[in-house]
Amino acid sequence: MPLFARRAFYGMTAIALPCASLSGCVPSNAAVGDTQSPGTAVAHSMEDRDSLSIAMIGSDDVTADSRAMDAMKAGKLKPVYITVSGTVDAQSTAQQGVRDMAQRKADLIVIAGIDVDKTNAENWNDALETARKAGVPVALLDPIAVPEDNKLYAATMTINDRMTEATPLDDAVVAVANNDPHDREMLVTTIDH
């Protein structure tokens, strides 16, 4: 085999092997980040709060989004906020935000106010599948209507600031981002207890 061909082969192999290993990050029968118990946890390296890359895709309710962002910041997280309020099609803008943050390899994408219906279900499935294939977990915050395929998101988080037993939002976000055991449906609070 000529030297050039050998180098090309080794170079392509060096590129292909890491790419092939990425497909192992996507569980076959669950959502990325959907760990219900220590026995089902996928091996991972935990990230410190201040180094997590959290993306929050906003909703039409800017006030609720602001409370959630403030709660995450108070918990020493540094979330990136993608606004959809005031856009022509908030759900389409949110879908593009999911694709963008999946491409950037965020540690977690939080989608506020997702509203999946017959007219946008396919587009939502495509956007969420992009995150899944990238190995990025997705949490749905105060969802209006969720996708039928529950492998496309790791958890739903419903804000209930009146319930003292609710999990602080920042703690819930860290649990999903780090693939720590958590409930699939979580009651969370934006109030610092």
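A brief look at the structure comes next. On a predicted model such as this, the values are computed, not experimentally measured, just so you know. (Residues numbered from 1 in each chain as written. Predicted model: local features only at pLDDT ≥ 70, side-chain atom pairs only at ≥ 80, totals over all residues. Heavy atoms only, no water.)

### Some thoughts on the pattern of salt bridges
Scanning the entire structure with this criterion turns up three salt bridges. One salt bridge connects Arg49 with Asp170, and the closest N-O pair in it is separated by 2.7 Å. Taken together, the residues Arg49 in the loop between helix H1 (3-22) and strand E1 (54-57) and Asp170 in helix H5 (residues 169-177) connect sequence positions 121 residues apart. Given a relative accessible area of 26%, Arg49 falls into the partly exposed group. With its nearest N and O atoms 2.3 Å apart, the salt bridge here joins Arg49 to Asp171. With a gap of 122 residues between them, Arg49 in the loop between H1 and E1 and Asp171 in helix H5 connect regions that are remote in the sequence. Judged by relative accessible area, which is 32%, Asp171 ranks as partly exposed. Bridged by salt links that share partners, the residues Arg49, Asp170 and Asp171 form one connected network. (Salt bridge = Lys/Arg side-chain N within 4 Å of Asp/Glu carboxyl O. Helix = DSSP H or I, 4+ residues; strand = E, 2+ residues; numbered from the N terminus. Buried < 20%, exposed > 50% of the residue type's maximum accessible area, 1.4 Å probe, protein only.)

### Structural notes on the packing of aromatic side chains
Within this structure, the stated rule accounts for zero aromatic pairs. Over the ring of Tyr153 we find Arg184; its NZ or CZ atom is 4.5 Å from the centre of that ring. (Phe/Tyr/Trp six-rings, centres within 6.5 Å; stacked < 30°, edge-to-face > 60°. Lys NZ or Arg CZ within 6 Å of the ring centre and 35° of its normal.)

### A look at the pairing of strand E3 (residues 108-112)
Counting buried positions along E3 yields five of five residues, so the element is predominantly enclosed. Residues Leu108, Val110 and Ala112 line one face of E3 and the alternating positions Ile109 and Ile111 line the opposite face, and both faces are buried. Sheet topology places E3 next to strand E4 (residues 138-141); four bridges connect them, and they run parallel. Paired with Ile109 across the two strands is Val138, which belongs to E4. Read from E3 through helix H4 (residues 121-133) to E4, the crossover connection turns out right-handed. (Pairing = 2+ DSSP bridges. Right-handed = clockwise from strand over helix to strand, strands pointing away.)

### Here's the deal with the side chain of Gln95
Looking at the element boundaries, Gln95 is found in helix H3 (residues 90-103). Apart from residues no more than four positions distant in its own chain, Gln95 is found in contact with Asn120, Asn123, Trp124 and Ala127. (Contact = heavy atoms within 4.5 Å.)

### Considering unusual backbone geometry
When glycine is set aside, most residues are seen to have a negative phi, and most peptide bonds are trans. Positive phi outside glycine occurs at Lys105, with the angle close to 60°. Looking at the element boundaries, Lys105 is found in the loop between H3 and E3. Take Lys105: its relative accessible area is 44%, and that puts it in the partly exposed class. For Asp142, which is not a glycine, the phi torsion comes out positive at approximately 45°. If you trace the backbone, Asp142 turns up in the loop between E4 and strand E5 (155-159).

### Some remarks on the sheet that holds E3
Spatially, E2-E1-E3-E4-E5-E7-E6 is the arrangement adopted by the seven strands of the open sheet, whose pairing is parallel. The open sheet has two edge strands with one neighbour each: strand E2 (80-82) and strand E6 (167-168).

### Let's talk about the environment of Glu122
Relative to the elements of secondary structure, Glu122 occurs in helix H4. The exposure class assigned to Glu122 is exposed, which follows from its relative accessible area of 61%.

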